[in-house]
Amino acid sequence: MTLHMHDSTNGRLGRVLVVDDEESIRKIAVRSLTKAGFEVVEAENGERAIAALNSDDNPLMVDAILCDIHMPKINGHEAIAYFREQYPGVPIVVLTGYPEVDRAVSLMRAGVMDYLVKPISKDDLVKVMAKAVDGHEIFKDQTFV
Amino acid sequence: MDAMSTLKHMPGSLEYALGESEERFRAVVETASDAIILADHLGAITSWNSAAQVLFGYTEDDVLGKPLTMIMPARYRAAHQKGMERVQASGHSRLAGKPIELHGLKKDGTEFPLELSLGTWQSGGSMFFSGIIRDITERKRVEEFHRTQVAVSLVLASCDSFSQAASQLIQAVCDITGWELGLIWLVDRDAAVLRCEALWHQPTIPGSELTALKEHPPFPSGIGLPGRIWASGEPAWVPDVLKDLNFPRAQAAANARLHGAFGVPIRSGRRIMGVMEFFSREIRQPDTTLLQMMADIGIKVGQFIERKKDTERLRNINECLLSFGKDAHENINRLTALCGELLGGAWAVYSYAEGDLLHAIGRWRTPPDFPPVYESNGHLCAEVIKDGRGDLMVVRHLPATSYAQTDPYVLACRLQTYLGQAVRRNGRYIGSLCVVYQQDILPREGDRRLMGIIASAIGVEEERKQAEQALQQAYDETEKILASVPGAILVANEDLRVVYANALACQHFNEGRAEMIGASLTDVLPTEVAQRSWVFTRRTPQTAENGYWQQDREFESRTKAYRYRLFPIAIRGSERPQIGLVIWDITEQKRLGDQLIQAEKLASLGTLVSGMAHEVNNPAHGIMGMAQIILDETDQATIREYAQDIVGHTKHIATVVRDFAVYARRSDRDGESEITLSERMADAVKLVRRSPYFGDVDVVTDFQPVPLLQARRTEIDQVFVNLISNAVQAMNGKGRLTLTTALQGDAVRASVSDTGGGIAKEAIGKIFDPFYTTKEPGKGTGLGLYIVHRIVTKHCGQIQVESEVGKGTTFTVAFPNGHISPKEVSHDTAHA
């Protein structure tokens, strides 16, 4: 299984899926978020991410998704569209090297919660992801209400 | 009366009958107009009629019984005596039966010509003579006049000029009329005197005595015999010059022992041209018949002089025409002067009419203050032009005409006569040739003809001048057009010598040269251009028409950039080829063009820049993240690993920045270099690959080895980046990008194919137009393919596009193999 789960001390802040084709970027995200108290699952591209979420024997539940755009196989756009359709409650944060307003706007319209342009500091990433996970919590609460 | 005598007088008797016959005979003899003289065998006069008395001046009583010799000049007497004796002996006279011409001697001692009809008869064994004598003085005179006329005519007919004829004329007259000396005087109109033209004398007069007659100071009008004749225009007779009061040459005449003289004018119409005078050493009484005859000869000589003058004038005109130069004005001036000189006027002017003004462009002896341009109003010249007549306008007695008021020169210069002839140019009267006189002149036919001829000659010059002006104008206009063409034009012959350069060419290329014409093209233009021109002159016009030679080329000279084209020049009548160069200054255009290429590149970089941002941000993020991790990390091995990652990210950033920087570089800072097409295509893909729209496009390459291309690298990069960007964008991140290079025939080809949506047929014609784009606003400048086209054609290449909607598009650029760069041309020609 290529889906890596990084359990933090207790994963008390929630579970985050990190999708990025570059290993070193994933490495930073995983390390930062884990240290901050998230449980992190990583996938090297959109195809893998979708496969992980849809695994028949062990479907993965996540509180938020951190996703790159420029990736081989299923790229960020396609993956995001899929996530929004299949898991409308899971907040999606885009982390990308493209500083384009157009792209940011169109993705936000598509339901992306936040659009982060690299480089971004460890603390900022943690804050945004914490907020994203909170969003999911609210959503969960609402469903349960 | 005795019986015998009575009988004698009785009618019917023999005596009576005889007497009656004798009476009848006597009556006939007495009333005859001819002298009838009878003589006996001894030559004594026996009968003398009244006509004889009138003829010889002797009465019957004076001569009866006297010898016949008394009425004949002494020189005949011996011959007469011999003849009488012969007749006595032979019984008949050789002279009888036919009239003979002799001279008679009058009682007063003068001789006269006579015609004698001699008869003889026998009576009483003796011989008797009868002579009928007629005075033939008049007949002789008429004959003499006739002979004189014929002789004069012969002289005139055989002589080419009057000076040649003059002394022969005098001799002919003297020989026939018996006068001994003659002189001819001609009028010198300018000096208003008569000058001696010729002198001839019989050998009986010693020539030494005559010099003073001839070399006497010229006669003014009215002075001396010639002056009197000139003044009066009439013949004059002086019986004895020594007794004449108006004869300044009396001393000379006395020395030569001259007495009788007469003279007649040499004239043509009313014009006195000279005087002929004749002298005799005898006192001569006026002979009106002779005078009349000589006056007639004077007219004949006058006509001869006029004719010769006309011939001479025609010769002068001919010489004048033959000596014409190129300058029509100068020629017209000479014709005007010739007209004035030949017609002997005070001055002559040729005026050309233009509107209300007359331009005096031909002048001869005009007053110093005569204006070059004057108002035509009130001037005779204007009338001549206005009248537009072919014949001469003659105005006499000018002071009495209204022109005396309108033309100040009439009175100021005391002008009397005006002769004006209209000058025609191309069928229209445009000017007037005039001659003015201070005398009253009635032009003769020759003068009219002369003015007509000169006016025609001026007309021809005017036409020539007009044609020349038209030609000059056409030339000037052509020159002006060529001068204002926004390009430099140079024409060189096959030796590459400049034969023409317009103003702009001189301005651009005639650095410090006094004269561009004749300069060598190699000195004027860069060597490679001159050499290409040289090769061009060796081509036939047909090969010159092929595409290669019609392509514009560029060169740089003294910080300026030029584009030029060669063209062959066919010059009529010349087999030597000439070559033309039209050269445009494209410095500014080139600068703008380079700027445009650069601007497009920067604009297209905009679409690439997000790719670049990604490429930079990604590693930057990595660097930042790694660095933050290191800050918290204590494990040396982990720190080392992360630091290693940071180095990798930094290198990546450096590479990306360099790639973009190289691409963004201004191409005009580069020279041409040798380029490997496949390398350039691969580099372009690398650049485009970074763009966000590259997606999952597969890249397939088929690079066959091709010759190197001589070009600017950055420009070729721009071509491929644009083509590949377009291809990738057309595929929306999915598809196959195929890049190929191949040598096909004479062309090096490189193609970029995509499997995108293709280009609609109606759009294909426009894709190379500037600002044509199918992309959404902000996604494309519409300049990409336009710039690609520009760059490719600049390197003498071509670009083709094949596209099928739904299947994809292939752009192929083709450069001529061995694309002859200017450098290669110079090699070529160096070996040629």
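Structure shown above.
Residues numbered from 1 in each chain as written. Chains lettered and ligands numbered in written order. Predicted model: local features only at pLDDT ≥ 70, side-chain atom pairs only at ≥ 80, totals over all residues. Heavy atoms only, no water.

*Asks:* Even after reading the chapter, I still don't get the environment of Val 656 of chain B, so can you show me in this structure?
*Replies:* Residue placement: Val 656 of chain B occurs in helix H23 (residues 636-664). If we ignore the near neighbours within four places in the chain, the residues touching Val 656 of chain B are Met 612, Glu 615, Val 616 and Arg 690 of chain B. (Helix = DSSP H or I, 4+ residues; strand = E, 2+ residues; numbered from the N terminus. Contact = heavy atoms within 4.5 Å.)

*Asks:* How should the sheet that holds strand S2 (residues 45-48) of chain B be read in this particular structure?
*Replies:* By definition, the strands of a sheet pair up through backbone hydrogen bonds, in either a parallel or an antiparallel sense. All names here are of chain B. Taking strand neighbours across the sheet as the criterion, the five strands line up as S2-S1-S5-S4-S3 in an open arrangement whose pairing is antiparallel. Of all the strands in the sheet, just S2 and strand S3 (100-105) have a single pairing partner and so form its edges. Across the sheet, the mean angle from the axis of one strand to that of its neighbour is 35°, orientation sign disregarded. Pairing between strand S4 (residues 111-123) and strand S5 (residues 126-135): ten bridges, direction antiparallel. (Pairing = 2+ DSSP bridges. Axes fitted to C-alpha atoms, helices over the stretch in contact; angles between N-to-C directions.)

*Asks:* Help me understand the side chain of Asn 617 of chain B, please; the structure alone is not making it clear to me.
*Replies:* The residue Asn 617 of chain B is located in helix H22 (residues 587-632) in this model. What makes Asn 617 of chain B buried here is its relative accessible area of 14%. A polar side-chain atom of Asn 617 of chain B sits 2.8 Å from the main-chain carbonyl oxygen of Gly 97 of chain A. If we ignore the near neighbours within four places in the chain, the residues touching Asn 617 of chain B are Gly 97, Pro 99, Val 117, Lys 118 and Pro 119 of chain A. (Buried < 20%, exposed > 50% of the residue type's maximum accessible area, 1.4 Å probe, protein only. Polar contact = N/O pair within 3.5 Å; in protein donor to acceptor, adjacent residues only side chain to side chain.)

*Asks:* Would you take a moment to explain the nonpolar core for this structure?
*Replies:* Across soluble globular proteins, nonpolar side chains show a tendency to be buried alongside one another. All names here are of chain B. Core analysis: the biggest nonpolar cluster contains 52 residues, and Phe 720, Ile 724, Leu 737, Val 752 and Val 813 have the highest contact counts within it. Here the element with the most residues in this core is helix H25 (residues 713-731); it accounts for nine residues. Apart from the residues within four sequence positions on either side, Leu 737 is in contact with Val 685, Val 697, Asp 698, Val 699, Val 700, Ile 724, Ala 727, Val 728, Met 731, Val 752 and Ser 753. (Core = buried A, V, L, I, M, F, W, Y, C linked by side-chain atoms within 4.5 Å.)

*Asks:* What is the right way to read the pairing of strand S22 (residues 578-585) of chain B from this model?
*Replies:* Consecutive residues of a regular strand have side chains that alternate between opposite faces of the sheet. All names here are of chain B. Within S22, six of the eight residues are buried, which leaves the element mostly enclosed by the surrounding structure. For strand S18 (residues 488-492) and S22, the ladder comprises five bridges, and the chain directions are antiparallel. When the bridges of S22 are listed, Ala 488 appears paired with Ile 583. Bridge count for strand S21 (residues 560-569) against S22 is eight bridges, and the pairing is antiparallel. Bridge assignment links Leu 566 to a residue of S22, and that residue is Leu 581.

*Asks:* Could you clarify how one ought to interpret unusual backbone geometry in this entry?
*Replies:* A negative phi angle is the norm for most residues apart from glycine, just as the trans form is the norm for most peptide bonds. Going from Lys 118 of chain A to Pro 119 of chain A, the amide bond is cis rather than trans, its omega being -5°. Summarising the element assignment, Pro 119 of chain A is placed in the loop between strand S6 (114-117) and helix H5 (122-144). Residues other than glycine seldom take positive phi values, yet Arg 365 of chain B does so here, at roughly 55°. Relative to the elements of secondary structure, Arg 365 of chain B occurs in the loop between strand S13 (357-364) and strand S14 (373-375).

*Asks:* Honestly, the interface of chain A and chain B in this entry has me stumped. Any pointers?
*Replies:* Interfaces are often sized by the amount of accessible area the parts lose when they come together. At the interface, 26 residues of chain A touch 28 residues of chain B. Both faces combined, the contact of chain A with chain B buries some 2,200 Å², and carbon together with sulfur accounts for 53% of it. Our enumeration of links across chain A and chain B arrives at five salt bridges. Residue Asp 645 of chain B pairs with Lys 27 of chain A through a salt bridge whose shortest N-O separation is 3.1 Å. At the junction of chain A with chain B, the criterion picks out twelve residue pairs in polar contact (both at pLDDT 80 or more). Every element with two or more residues in the side of chain A that touches chain B is listed here: helix H1 (23-36), strand S5 (92-96) and helix H4 (101-109) of chain A. (Buried area = accessible area lost by both parts, 1.4 Å probe. Salt bridge = Lys/Arg side-chain N within 4 Å of Asp/Glu carboxyl O.)

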